[in-house]
Amino acid sequence: MEYTEKIEKSISFIREYAPFADKYGGYKVMFSGGKDSQVMLDLFKKSGVNYTSYYNVTTNDPPENVYFIRKNYPEVIFNHPKFTFLELI
């Protein structure tokens, strides 16, 4: 299967289940800032479906990763925990 065919198949799959996701406010796309997350977020953008993207802050995150996400993906919502990593351990 060609690269472009894989992209189209992935987008088609996302669109196929969009009506189900819409019953719950659209897709919830978790985002880490890594290459896999960037590809997934791009597929959701290209699909045109209703989605919201989130980054779960661990309070142990590399600052460069946080800066990268804020700079390049301002639409990503940051979920902050009630307790820091150090408080939990």
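See above for the structure.
Report on the accompanying structure. (Residues numbered from 1 in each chain as written. Predicted model: local features only at pLDDT ≥ 70, side-chain atom pairs only at ≥ 80, totals over all residues. Heavy atoms only, no water.)

Comments concerning the packing of helix α1 (residues 3-16) against helix α3 (residues 35-47)
How two helices sit against one another is set out by the angle between their axes and by the gap between those axes. Direction vectors running N to C along α1 and α3 enclose 70°, while the axes themselves pass 9 Å from each other. The angle between the axes of α1 and α3 places the two elements in the roughly perpendicular class. In the packing of α1 onto α3, the handedness of the crossing is right-handed. Listed contacts from α3 to I7, S10, I11, I14 and R15 of α1 are L43, F44, K46 and S47. Residue composition of the contact of α1 with α3, grouped by class: five nonpolar, two polar and two charged. (Axes fitted to C-alpha atoms, helices over the stretch in contact; angles between N-to-C directions. Helix = DSSP H or I, 4+ residues; strand = E, 2+ residues; numbered from the N terminus. Parallel < 35°, antiparallel > 145°, perpendicular 65-115°, else oblique. Left-handed = near helix turned anticlockwise from the far one by under 90°. Contact = heavy atoms within 4.5 Å. Nonpolar A, V, L, I, M, F, W, Y, C, P; charged D, E, K, R; others polar.)

Observations concerning the packing of aromatic side chains
A complete count under the given rule lists seven aromatic pairs for this structure. Ring plane angle 70° and centroid distance 5.1 Å describe the contact between Y55 and F78, whose orientation is recorded as edge-to-face. Placement of the pair is Y55 in strand β2 (residues 51-56) and F78 in strand β3 (residues 77-79), with a sequence separation of 23 residues. For the pair Y55 and F78, one class covers both residues: buried. (Phe/Tyr/Trp six-rings, centres within 6.5 Å; stacked < 30°, edge-to-face > 60°. Buried < 20%, exposed > 50% of the residue type's maximum accessible area, 1.4 Å probe, protein only.)

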